[in-house]
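Chain residues, written in single-letter form:
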Amino acid sequence: MLKLSYDLHIHSCLSPCGDDDMLPSNIVGMAFLKNLDVIAVTDHNSCKNCGAVIKLAEQYDLVVIPGMELCTMEEVHVLCLFAHLSDAMRFDEYVSTKLLKIPNDERVFGKQEIIDEEDQTIGTEPYLLINATDISFDEVGTLMKEFNGVHIPAHIDKNSNSVLSNLGFISPDADFKVVELANLSHLEELEKKNPYLKQCKIISNSDAHMLGNINEAIHFIDCEERTSEQVIKALR
Amino acid sequence: MKVIDLIQAGTFEVVNEGDNTQREICAPYCCDLLSIAMGKMRADSAWVTVMGNINTLAVATLADASCIILAEGSHLDEASLNKAREQGITVMASEQPIFEAALFVYNKLNA
């Protein structure tokens, strides 16, 4: 079994709140400098910068998981991670049909740029990506079966956009196997109130919106191989 | 005012008529974050929210709300509707914004 260092929640410049320096090339370079083995690119409601990051990572010994930070209709953030870019892009297309069609005002929210592996802007997302989608929290598990992904409620210990803040508690009927905590020291307290968490794998990521905030190699996941398929398998 | 009086006022669509429509409503209560509602909502409140999730029903039971009013056209999915029927919770719905729905309840209580 390999112990791989990971940071599975990183925003690129496609997220309006993501810094303009979060270019695919910079993300890959920073992950390499920080000795990370696995990263995931998880923009709000879009996967459109994942392809460039995956291509750029080929020259490094870095595994890139294509992903998305989905905002459900309850405004709960959920990481959706995939082994294959093709599944992520199918999901991206599906989510774009479920997004509120509110144009992005760049002056207020920031740019939403799609960048290729040569740092060229090849498009922009016209609609504001940080909005809620018309996808309920309870249907994400079923969707992930259809799109071959895994769903991970994001930063459940935060007091906004988390399953615990917005939906109050975790139902015993929940169907996720992994949750993300912003701060692992909150786990014991949360487990007392939400026994469902005792059966979950717990991960912690940077949720970086700026290059310097990408995690050092401080969190590790056990994987059979250094591949996106095996990382996703370890999260199932 | 009892829950049945609010139903019979006809302003809100009745999604599910619960087991105890004779219970009193003490006040309207407005909150969409269930983590706050579950700790702060008074018993016997008419809870006005846009959060049409299955957890809304659990929080209404826990906080002992009189009824739920889903505002802004939000609705329950099939599983949540079944849960409301099973647990006998009165759920109403409205296209009105939260404030206006709550104000209607308030005005009726203070009429």
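Residues numbered from 1 in each chain as written. Chains lettered and ligands numbered in written order. Predicted model: local features only at pLDDT ≥ 70, side-chain atom pairs only at ≥ 80, totals over all residues. Heavy atoms only, no water.

Colleague: I'm lost on the overall build of chain B in this one. Help?
Modeller: Along chain B, the regular secondary structure elements total five helices and five strands. When the helices and strands of chain B are placed in sequence order, the string is α-β-β-α-β-α-β-α-β-α. Dimensions of chain B along its principal axes, counting C-alpha atoms only, are 35 × 25 × 25 Å. Considering chain B as a whole, with its 111 residues, one finds that 48% of them fall into the buried category. Once local pairs closer than 6 in sequence are excluded, the contacts in chain B between residues at least 24 apart make up 48%. Of the roughly 5200 Å² of accessible surface on chain B, a fraction of 48% belongs to carbon and sulfur atoms. In chain B, the 7 positive side-chain charges and the 14 negative ones have mean positions that sit 8 Å from each other. (Helix = DSSP H or I, 4+ residues; strand = E, 2+ residues; numbered from the N terminus. Buried < 20%, exposed > 50% of the residue type's maximum accessible area, 1.4 Å probe, protein only. Contact = heavy atoms within 4.5 Å. Areas by Shrake-Rupley, 256 points an atom, 1.4 Å probe, with all protein chains shown as cover. Lys, Arg positive; Asp, Glu negative; His and termini not counted. Charge placed at Lys NZ, Arg CZ, Asp CG, Glu CD.)

Colleague: Looking at this structure, how should I read the interface of chain B and chain A?
Modeller: As a measure of interface size, the accessible area lost when the parts come together is often cited. Between chain B and chain A, the residue contacts involve eleven residues of the former and nine residues of the latter. By the criterion of area lost to chain A, the three top residues of chain B are M51, N53 and N55 of chain B, representing 46% of everything that side buries. At the surface where chain B touches chain A, the tally comes to zero salt bridges. Connecting chain B to chain A are five residue pairs in polar contact (both at pLDDT 80 or more). Looking at the side of chain B that touches chain A, the elements that each hand over two or more residues are α2 (34–40) and α3 (54–63) of chain B. Residues of the side of chain B that touches chain A, tallied by class, amount to seven nonpolar, three polar and one charged. (Buried area = accessible area lost by both parts, 1.4 Å probe. Salt bridge = Lys/Arg side-chain N within 4 Å of Asp/Glu carboxyl O. Polar contact = N/O pair within 3.5 Å; in protein donor to acceptor, adjacent residues only side chain to side chain. Nonpolar A, V, L, I, M, F, W, Y, C, P; charged D, E, K, R; others polar.)

Colleague: Hey, could you run me through the sheet that holds strand β3 (residues 45–49) of chain B in this one?
Modeller: Working definition: the strands of a sheet are paired by backbone hydrogen bonds and lie parallel or antiparallel to each other. All names here are of chain B. Spatially, β1-β5-β4-β3-β2 is the arrangement adopted by the five strands of the open sheet, whose pairing is mixed. Bordering the open sheet on either side are β1 (13–16) and β2 (27–30), each of which pairs with just one other strand. Neighbouring strand axes in the sheet, compared pairwise and without regard to direction, differ in orientation by 30 degrees on average. The sheet contact formed by β3 and strand β4 (residues 67–70) spans four bridges and is parallel. Across the sheet, residue V48 finds its bridge partner in β4, namely I69. Lying over the sheet, helix α5 (residues 98–109) contacts β2, β3 and β4, oriented at roughly 165 degrees with respect to β2. (Pairing = 2+ DSSP bridges. Axes fitted to C-alpha atoms, helices over the stretch in contact; angles between N-to-C directions.)

Colleague: Please explain the packing of aromatic side chains as it appears in this structure.
Modeller: The way to describe two aromatic rings as a pair is by their centre distance and the angle between their planes. Overall, the coordinates contain eight aromatic pairs over all chains when judged by the stated rule. Here the aromatic rings of F91 of chain A and Y94 of chain A are separated by 6.4 Å at their centres, their planes lie at 25 degrees, and the arrangement is stacked. Of this pair, F91 of chain A and Y94 of chain A both sit in helix α3 (residues 85–96), three residues apart, which is roughly one turn of the helix. The exposure class assigned to F91 of chain A is buried, which follows from its relative accessible area of 0%. On the accessibility criterion, Y94 of chain A (24% relative accessible area) is partly exposed. When the ring of F12 of chain B is compared with that of F104 of chain B, the centres are 5.5 Å apart and the planes differ by 80 degrees; the resulting orientation is edge-to-face. Of this pair, F12 of chain B sits in the loop between α1 (3–9) and β1 while F104 of chain B sits in helix α5, and the two are 92 residues apart along the sequence. When its relative accessible area of 4% is taken as the criterion, F12 of chain B is described as buried. (Phe/Tyr/Trp six-rings, centres within 6.5 Å; stacked < 30°, edge-to-face > 60°.)

Colleague: What's the story with the sheet that holds strand β2 (residues 38–44) of chain A in this structure? I'm lost.
Modeller: Residue and element names in this part refer to chain A. Across the sheet, which stays open at both edges, the six strands sit in the order β7-β4-β3-β2-β1-β10 with mixed pairing between neighbours. Sheet topology places β7 (149–153) and β10 (220–223) at the edges, where each strand pairs with a single neighbour. Between one strand axis and the next, the sheet turns through 30 degrees on average, direction left out of account. In this structure, strand β1 (residues 2–10) lies alongside β2, joined through three bridges in parallel fashion. The residue bridging Y6 from the neighbouring strand is V38, located in β2. In the packing of α3 onto the sheet, the strands contacted are β3 (63–71) and β4 (77–82), and the crossing angle to β3 comes to about 15 degrees.

Colleague: Please clarify how a negative patch on the surface should be interpreted in this entry.
Modeller: A cluster of acidic residues, D138 and D175 of chain A together with D77 and E78 of chain B, forms a negative patch at the surface. Positionally, D138 of chain A belongs in the loop between β6 (121–124) and α5 (140–146). (Patch = residues over 30% accessible without salt bridge, like charges linked within 9 Å, V, L, I, M, F, W, Y side chains within 5 Å.)

Colleague: I would appreciate a short explanation of the nonpolar core in the present structure.
Modeller: A general tendency of soluble globular proteins is for nonpolar side chains to be buried together. Counting 67 residues, the largest nonpolar core has I39, F91 and I214 of chain A together with W47 of chain B as its most contacted members. Apart from residues lying up to four places away in sequence, W47 of chain B is in contact with Y29, C31, L34, A37, M41, T56, V59, A60, C67, I68 and I69 of chain B. Among the nonpolar cores identified, the runner-up in size contains 21 residues, and A40, A154, I221 and C223 of chain A belong to it. (Core = buried A, V, L, I, M, F, W, Y, C linked by side-chain atoms within 4.5 Å.)

Colleague: Would you mind going over the environment of E86 of chain B with me for this structure?
Modeller: Of note, E86 of chain B is situated in helix α4 (residues 78–87). Note: C-alpha distance between E86 of chain B and D19 of chain B (67 residues apart in sequence) is 9.6 Å.

Colleague: Would you explain a nonpolar patch on the surface in this entry?
Modeller: Residues V108, F109 and I130 of chain A make up a contiguous nonpolar surface patch of roughly 250 Å² in combined accessible area. For V108 of chain A, a relative accessible area of 59% corresponds to the exposed category.

Colleague: Got a minute to help me understand the pattern of salt bridges in this structure?
Modeller: Once their charged atoms are close, side chains differing in charge can pair, the charge on each being opposite to the other. Counted by the stated rule, this structure contains 14 salt bridges over all chains. Within this structure, D37, D61 and R226 of chain A form a network of salt bridges that share partners.

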